[in-house]
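Listed below, chain by chain, are the residues.
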Amino acid sequence: MAGESDYIVTFEGVRKSYNGGEYVVKNLDLQVRRGEFLTLLGPSGSGKSTTLMMLAGFESPTQGNILLNNVVLNNIPAYKRDIGVVFQNYALFPHMTVEENVAFSLQVRKVPKNQIADKVKRALDMVHLGPFASRNPAQLSGGQQQRVAMARALVFEPKLVLLDEPLGALDKNLREDMQIELKHIHENLGVTMVFVTHDQDEALIMSDRIAVFNDGIIQQIDRPEVIYNQPKNKFVATFIGETNMLKGTISSLDDDCYVVALAGGNTIRAKRVESLSIGQTVSVSVRPEKASFIKQNSEIDYVNQITSSVVEIIYHGDHLCLTLNNGQDSDFIVKVPTEYLNHEFSPGQQVAVGFQPENCRLLSS
């Protein structure tokens, strides 16, 4: 368990309202561990960016306190907080060279002139932009501009770096490259980073921990694999990655499994992970990659088997995505390897789908 000194940032009962009535951040209690990469993830309007802006000093909390190294930040202006910030639009000065943009962070902090050149060179080398020091931002690609913004945020060796959707304007391939680049910078420097995004895959790839926001409240905060495999509620299960949600009622308890009678007439078993009641209405989350198309003479004994009709077949290169109708209100998605060729499936065809109790996540409805 982390001790108090292991936390660099603490939010204590923080609330934020822009109109004096409705709160966009509600009673936020959050601790950021020293040296971690924490992602604030959620849909638009969930409170994640407002949380980051309050920490940066660009917004003030309506109630509660924000602490950095046990010092209350509420009345400390942004430029005195020793926090680096990287924005989605980079916010580079177009009339300055790359070197001058990075040096600006040191100049406003009154760093002695004889130290600036060495610090700038070190920061640019860190993001592999040393040869581009004399260029203007307009002469750089989007990814290179993002690296300049990162160098500017790191050059004064801040305690904390905040990143507000910094990769949102990049194309897919460049975005994926920058995800790995940022991860490596974090690992090499050991600086604490708080990252805001609405991209679930990005959060899963980059984070030590993820805080999932919705309606101004953290729904769950944990390691990526726990968030994905053990969501605490339906919002987290459906927001993080793809999932199938089966509705039903707990009919009995069988050893360490709940028996769930589904709305479509099927019965499945799900591992017992919390105390639920017989007769309780539940939703069962099953990830598409955890369900399998059952071939004839299959050697795998699936405890849960559902017969469904094929609605749609989509080719994804490394897998086929089958959309099925099994009598529920929503479709059931199964991802199968491309060894099953397209012509083996057709709309309306009846197929058997199997999955195991340990791959079912029971969630209260």
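See the structure printed just above.
Residues numbered from 1 in each chain as written. Predicted model: local features only at pLDDT ≥ 70, side-chain atom pairs only at ≥ 80, totals over all residues. Heavy atoms only, no water.

The helix and strand inventory of the protein stands at 8 helices and 20 strands. Counting only C-alpha atoms and orienting by the principal axes, one finds that the protein spans roughly 75 × 45 × 40 Å. The burial tally for the protein puts 47% of its 365 residues in the buried class. Counting only carbon and sulfur atoms, one obtains 46% of the accessible surface of the protein, whose full area is about 17,600 Å². Charged side chains in the protein number 34 positive and 42 negative. The centres of these two groups are separated by 7 Å. (Helix = DSSP H or I, 4+ residues; strand = E, 2+ residues; numbered from the N terminus. Buried < 20%, exposed > 50% of the residue type's maximum accessible area, 1.4 Å probe, protein only. Areas by Shrake-Rupley, 256 points an atom, 1.4 Å probe, with all protein chains shown as cover. Lys, Arg positive; Asp, Glu negative; His and termini not counted. Charge placed at Lys NZ, Arg CZ, Asp CG, Glu CD.)

Each regular strand displays side chains that alternate between the two surfaces of the sheet. Bridge count for strand β11 (residues 244-254) against strand β14 (residues 281-286) is 6 bridges, and the pairing is antiparallel. Note that in β14 the partner of T249 across the bridge is T281. Both β11 and strand β12 (residues 257-262) contribute to a ladder of 6 bridges, which runs antiparallel. Within the sheet, the bridge partner assigned to I250 lies in β12 and is V260. Connecting β11 to the next strand, β12, in antiparallel fashion are 2 residues, including D255 with a positive phi near 55 degrees. (Pairing = 2+ DSSP bridges.)

Turning our eyes to something else, we now look at helix α4 (residues 142-154). End to end, α4 covers 19 Å across 13 residues, agreeing with the expected 18 Å (1.5 Å per residue, within 8%). In terms of burial, α4 is a largely internal element, 10 of the 13 residues being buried. Those residues of α4 that fall on the buried side of the exposure criterion are G143, Q145, Q146, V148, A149, M150, A151, R152, A153 and L154. Where the residues of α4 are buried, they touch β6 (83-86), α2 (98-107), α3 (113-126), β7 (160-164), α5 (172-189) and β8 (192-197). (Expected span 1.5 Å × (residues − 1). Contact = heavy atoms within 4.5 Å.)

Tracing the backbone through its elements, the reader meets Q145 in helix α4. Here Q145 falls in the buried class, since its relative accessible area comes to 18%. Not counting the four nearest positions on each side in its chain, Q145 is found in contact with Y90, L92, P137 and L140.

For the rest of this paragraph, the subject is the nonpolar core. Soluble globular proteins: nonpolar side chains tend toward being buried together. Membership of the largest hydrophobic core comes to 37 residues, with the highest contact counts inside it found for V102, V120, L124, M150, V161, L163 and M193. At the level of secondary structure, the elements contributing two or more residues to this core comprise α2, α3, α4, β7, α5 and β8. By residue number, the principal contributor to this core is α4, which donates 6 residues. Not counting residues up to four positions away in its chain, the partners in contact with M193 are E36, F37, L38, M150, V161, L163, I185 and H186. In this structure, V260, I306, L322 and L362 belong to the second largest nonpolar core, which totals 27 residues. (Core = buried A, V, L, I, M, F, W, Y, C linked by side-chain atoms within 4.5 Å.)

Overall, antiparallel pairing links the 5 strands, which are arranged β13-β12-β11-β14-β20 in an open sheet. The open sheet has two edge strands with one neighbour each: β13 (267-271) and β20 (361-364). When the angles between neighbouring strand axes are averaged without regard to direction, this sheet yields 45 degrees. (Axes fitted to C-alpha atoms, helices over the stretch in contact; angles between N-to-C directions.)

Turning to the sheet that holds β6, a few remarks are in order. Spatially, 6 strands are ordered β6-β7-β8-β3-β9-β10 in an open sheet, and the strand pairing comes out mixed. Among the strands making up the open sheet, the edge pair consists of β6 and β10 (217-222). Averaged over all adjacent pairs, the angle separating strand axes in this sheet is 15 degrees, with direction ignored. Pairing of β7 with β8, which is carried by 5 bridges, proceeds in the parallel orientation.

Mapped onto the fold, T249 is located in strand β11. For T249, a relative accessible area of 32% translates into the label partly exposed. For the pair T249 and T192, spaced 57 residues apart in the sequence, the C-alpha separation amounts to 44 Å. Excluding anything up to four places from it in sequence, T249 contacts V259, V260, A261, G279, Q280 and T281.

These figures come from the coordinates and say nothing about function on their own.
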